[in-house]
Amino acid sequence: MDAAMDPEALVQCPYDKSHQIRVSRLPYHLVKCQRNNPQVARTLATCPFNARHRVPQAKLQSHVASCPNKRQPDLPHEMDVPLGTRMRQPEVPTAWQVPPCQEDWEAELEGLEDPPPFILNAKTNDLLLPCDSGMFPGTGDPKEPPPRREVRRARKR
């Protein structure tokens, strides 16, 4: 089975000779057929170079020697090429250097007013802010806030 095969080409299943499977679906079919045919699965070995290659265990050595996908598994793909024909690899920079920081958070805080205090579960709209008029919001009286009971009753209606 060649990796450059047409994905729509049909290949024979190694577990059941009556199965003809498209190359694009072969990996999924192999898993399913291996599970459904445990007796045949015990007699077949998987190629170390291509998991789609399932061969009888007795023929695994000869398949490994002639497998079209054969390469040394510990080396990257480019290392299979002989040294004389291999292009020189570009040098990788040793380490990334962090650019100098242009921010000064302490200087940015100097010109700001004090932030409002943190109050758990309070929203900005719930907080009473100081007014220039000296009156409580919602009343005409500068000395007294509106009675809480009346506000609660009005909200329930």
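> Before we go on, may I ask you to explain the overall build of the protein chain in this structure?
In terms of helices and strands, the protein chain carries five helices and four strands. Secondary structure elements of the protein chain occur, N-terminal to C-terminal, as β-β-α-α-β-β-α-α-α. Counting only residues that meet the buried cut, the protein chain has 13% of its 157 residues in that class. Carbon and sulfur atoms form 55% of the exposed surface of the protein chain, whose accessible area is close to 14,200 Å².

> Just to check I follow, could you spell out helix H1 (residues 26-36) for this structure?
Quick reminder: α-helices carry 3.6 residues per turn. Residues three or four places apart thus point the same way. Among the residues of H1, Leu26, His29, Leu30 and Cys33 are the ones counted as buried. Seen end-on, H1 carries its buried residues on one side only, within an arc spanning 105°. Facing away from the buried side of H1, by more than 90 degrees, are the exposed residues Tyr28, Lys32 and Arg35. On its buried face, H1 is in contact with strand S1 (10-12), strand S2 (20-22) and strand S4 (54-56).

> Would you mind going over the side chain of His29 with me for this structure?
Topologically, His29 is positioned in helix H1. Given a relative accessible area of 17%, His29 falls into the buried group. Discounting chain neighbours no more than four positions away, the residues touching His29 are Cys13, His19 and Ile21.

> Just checking my understanding: could you explain the nonpolar core for this structure?
Buried together is how nonpolar side chains tend to be arranged in soluble globular proteins. Counting residues in hydrophobic clusters, the biggest one holds 10 residues: Val11, Cys13, Tyr15, Ile21, Val23, Leu26, Leu30, Cys33, Ala41 and Leu44. At three residues, the largest contribution of residues to this core is made by H1. Sequence-distant contacts of Cys13, that is, excluding residues within four places in its chain, are made with His19, Ile21, His29 and Cys33.

> I would appreciate a short explanation of the side chain of Asn50 in the present structure.
Following the sequence through the fold, Asn50 ends up in the loop between strand S3 (44-46) and S4. Residue class for Asn50 comes out buried when judged on its relative accessible area of 15%. A polar atom in the side chain of Asn50 sits 3.0 Å from the backbone nitrogen of Arg52.

> Quick question: what am I supposed to make of a negative patch on the surface here?
A contiguous patch of negative charge on the surface is contributed by Glu103, Asp104, Glu106, Glu108 and Glu110. Tracing the sequence through the fold places Glu110 in helix H4 (residues 105-110).

> How do you make sense of the pattern of salt bridges when you look at a structure like this?
Two side chains bearing opposite charge may form a pair once their charged atoms approach each other closely. Within this structure, the stated rule accounts for one salt bridge. We note a salt bridge from Glu8 to Arg22, for which the minimum N-O separation is 3.9 Å. One end of the pair, Glu8, is in the segment before S1; the other, Arg22, is in strand S2, with 14 residues separating them in the sequence.

> Can you walk me through the confidence of the model for the protein chain in this structure?
Should pLDDT be low for a region, the predicted coordinates there are not to be read in detail. Chain-level statistics for the protein chain give a pLDDT mean of 75 and a share of 60% at 70 or above. Here helix H5 (residues 148-156) stands out as the element of the protein chain with the lowest mean pLDDT, 60, in contrast to S2, whose mean of 94 is the highest.

What counts, and where the lines are drawn
Counting restarts for each chain, with residues numbered from 1 along the sequence as it is written. With the structure being a predicted model, the display of local features is reserved for residues of pLDDT at least 70 and the display and counting of side-chain atom pairs for 80 or more, all residues being used for whole-chain, interface and lining totals. Note: side-chain values were computed over all heavy atoms of the structure, leaving out hydrogens and water. Helix and strand labels come from DSSP, where a helix needs a run of H or I of at least four residues and a strand needs a run of E of at least two; each type is numbered from the N terminus. Relative accessible area decides the class of each residue, using a 1.4 Å probe on protein chains only: under 20% of the type maximum gives buried, over 50% gives exposed, and in between gives partly exposed. Note that accessible areas follow from Shrake-Rupley with a 1.4 Å probe, and for residues the cover is restricted to the protein chains shown. Each direction from the helix axis to a C-beta atom contributes to the arc, which is the arc of those directions. Contacts were defined at the residue level, with two residues in contact if any of their heavy atoms lie within 4.5 Å. As used in this record, nonpolar core signifies buried Ala, Val, Leu, Ile, Met, Phe, Trp, Tyr and Cys residues forming a set joined through side-chain atoms within 4.5 Å. Pairing of N or O atoms within 3.5 Å defines a polar contact, subject to two protein rules: one partner must be a possible hydrogen donor and the other a possible acceptor, and residues neighboring in sequence count only if both atoms are side-chain atoms. Patch members must show over 30% relative accessible area and no salt bridge, and they are joined within 9 Å when carrying like charges or within 5 Å when they are nonpolar side chains of Val, Leu, Ile, Met, Phe, Trp or Tyr. Whenever a carboxyl oxygen of Asp or Glu lies within 4 Å of a side-chain nitrogen of Lys or Arg, that contact is scored as a salt bridge. Asp and Glu count as negative and Lys and Arg as positive, but His and the ends of the chain are not part of the count. In plain terms, the charge of a residue is placed at NZ if it is Lys, CZ if Arg, CG if Asp and CD if Glu. Values of pLDDT, ranging from 0 to 100, describe the predictor's confidence in every residue of the model.

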